[in-house]
Amino acid sequence: MKILITGGAGYIASHTNIELLAQGHELVLIDNFCNSVFESVKRVENISGKNLKFYEVDLLDIPALENVFEKEQNIDAVIHFAALKAVGESVEQPLRYYENNITGSLNLYKAMKKYGVNNFVFSSSATVYGDPEETPVKENARIDATNPYGHTKAMMEQILIDAAKAMDWNIVILRYFNPVGAHGSGKIGEDPEYPANLLPFVSQVAAGIREKVVVFGDDWDTIDGTGVRDYIHIVDLAKAHVKAIDKLSNAKGTFIYNIGTGRGYSVLEMIKAFGKACGHEVPYEVGPRRDGDIAEVLADPSKANNELGWKAEYGLEDMVNSAWKWQKENPKGYRE
C-alpha cells in the first residue's frame, strides 16, 4: 500500500516506518519539525536500505497539505501521528494544543475527503480515559480526559468516527499507553530537547546530562505511592500499526484498540530498572503532584490480541536496555 504518514519524522513514526518498509509498503512522510528533526528520516533510510519521500509540511497550511495529495496520487491510507503531545505543556498552553491538534486534523480529514482517501489509522492515547473507574481499561470505558492534550485526542477521535460514518471510511484508532525504549540498532530513539516523558528524562539523568529525576508525588494510592503506568516497547507499538494497516486491507468499518501490555510499573520501579541497565543508581527527588496526572492506568489489550493478532513481546528489561543503548550511543540525540 501507499501510505501517507503525518508527523513522519517523530519518535513513534520513525519506528513504525521501519516496520512498514519491511513489509513492502510505500511511504510518503510529512512533518513540520516542531518536535522532530530530519536526521531521524535519514537514519530510517539507513536501517531499512530504502529511500523515503518526504515533504516539510504543517497541517495548518492547507495549500501545502493539498499539494502533497495532488503530487502523490493514489494514496491508499493515512497514518496520523502529527500532534503536540506533552500533558504538562497542554495544561499551560491549551489554546495552542486545540488549534494545532484539532484544526490540523480537520484539515487532514478534509484533504482525505477531497482526494478520495478512505483508509485511516489514528494515533490516539490512553489519556482519553482520564482517571478510569476500572483498570485494566477496556475500549468501551468512559471517555473522560483530565487535561487538554487528552481532550484533543478524544475530540479528534469523535470527529473522525462521525466523518467515517458519513463518508464510508475505514478507520483503526489505536489508543497507546506509554511508549518507551528504542530500536535495537541504537540508531533511532526518543529525542526530546527537554523530556516531557519519564524514561527519556531518566536516561538523561543517568547519562549526567541532568542532575536528578523529579518524581511527581509519592502519595498516590499505588504500590509505592508513585504513579503506575502501562509501558510498552516502541517496537511492539510500531508493529501494531502494521497490523492496523493489514486490518484495513481485509475489513471495513471503525475499529478501536488499546495498545499496551496489561502490566504496570511505578515510577520508582522504572527508575530502579534503569539504574540496573546503566550500572549505577539514578538520583531522584519527590516533588508535588502534576496537574492532570492520575494514580494508575493499565490497558486491557485482549481485543487487539484477538482481533488484530497483535501482542506485546518485549518486557521491562528490553525497554530500559534499549533506551540506555540509544542514550549511550547518541548522547545528544539526533543533534550531534
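Use the structure listed above.
The following paragraphs examine the structure supplied in this document. (Residues numbered from 1 in each chain as written. Predicted model: local features only at pLDDT ≥ 70, side-chain atom pairs only at ≥ 80, totals over all residues. Heavy atoms only, no water.)

### Observations concerning the pattern of salt bridges
Line of reasoning, step 1. By the definition in use, this model includes 14 salt bridges.
Line of reasoning, step 2. In this structure, Glu66 and Lys114 form a salt bridge, with 3.0 Å as the shortest nitrogen-oxygen distance. A residue pair is termed long-range when its members are at least 10 positions apart, and Glu66 in helix H3 (residues 62–71) and Lys114 in helix H5 (residues 94–115) qualify at 48 residues.
Line of reasoning, step 3. Between Arg175 and Glu157 there is a salt bridge, and its shortest N-O distance comes to 2.7 Å. Highlighted residues: Arg175 in strand E6 (residues 170–176) and Glu157 in helix H6 (residues 148–167), separated in sequence by 18 residues. With respect to class, Arg175 is no different from Glu157; both count as buried.
Line of reasoning, step 4. Through salt bridges with shared partners, a single ionic network connects Lys2, Glu26, Lys53 and Glu72. (Salt bridge = Lys/Arg side-chain N within 4 Å of Asp/Glu carboxyl O. Helix = DSSP H or I, 4+ residues; strand = E, 2+ residues; numbered from the N terminus. Buried < 20%, exposed > 50% of the residue type's maximum accessible area, 1.4 Å probe, protein only.)

### Focus on the pairing of E6
Line of reasoning, step 1. Taking burial as the measure, the seven residues of E6 include seven buried ones, the bulk of the element.
Line of reasoning, step 2. On E6, burial covers both faces: Asn170, Val172, Leu174 and Tyr176 on one face and Ile171, Ile173 and Arg175 on the other are all buried.
Line of reasoning, step 3. Following the backbone out of strand E5 (residues 119–125), through H6 and into the adjacent parallel E6, one traces a crossover that is right-handed.
Line of reasoning, step 4. In this structure, E6 lies alongside strand E11 (residues 254–259), joined through six bridges in parallel fashion. Opposite Val172, over in E11, you have Phe255 as the bridge partner. (Right-handed = clockwise from strand over helix to strand, strands pointing away. Pairing = 2+ DSSP bridges.)

Without other data, these values stay purely geometric and don't point to any function.
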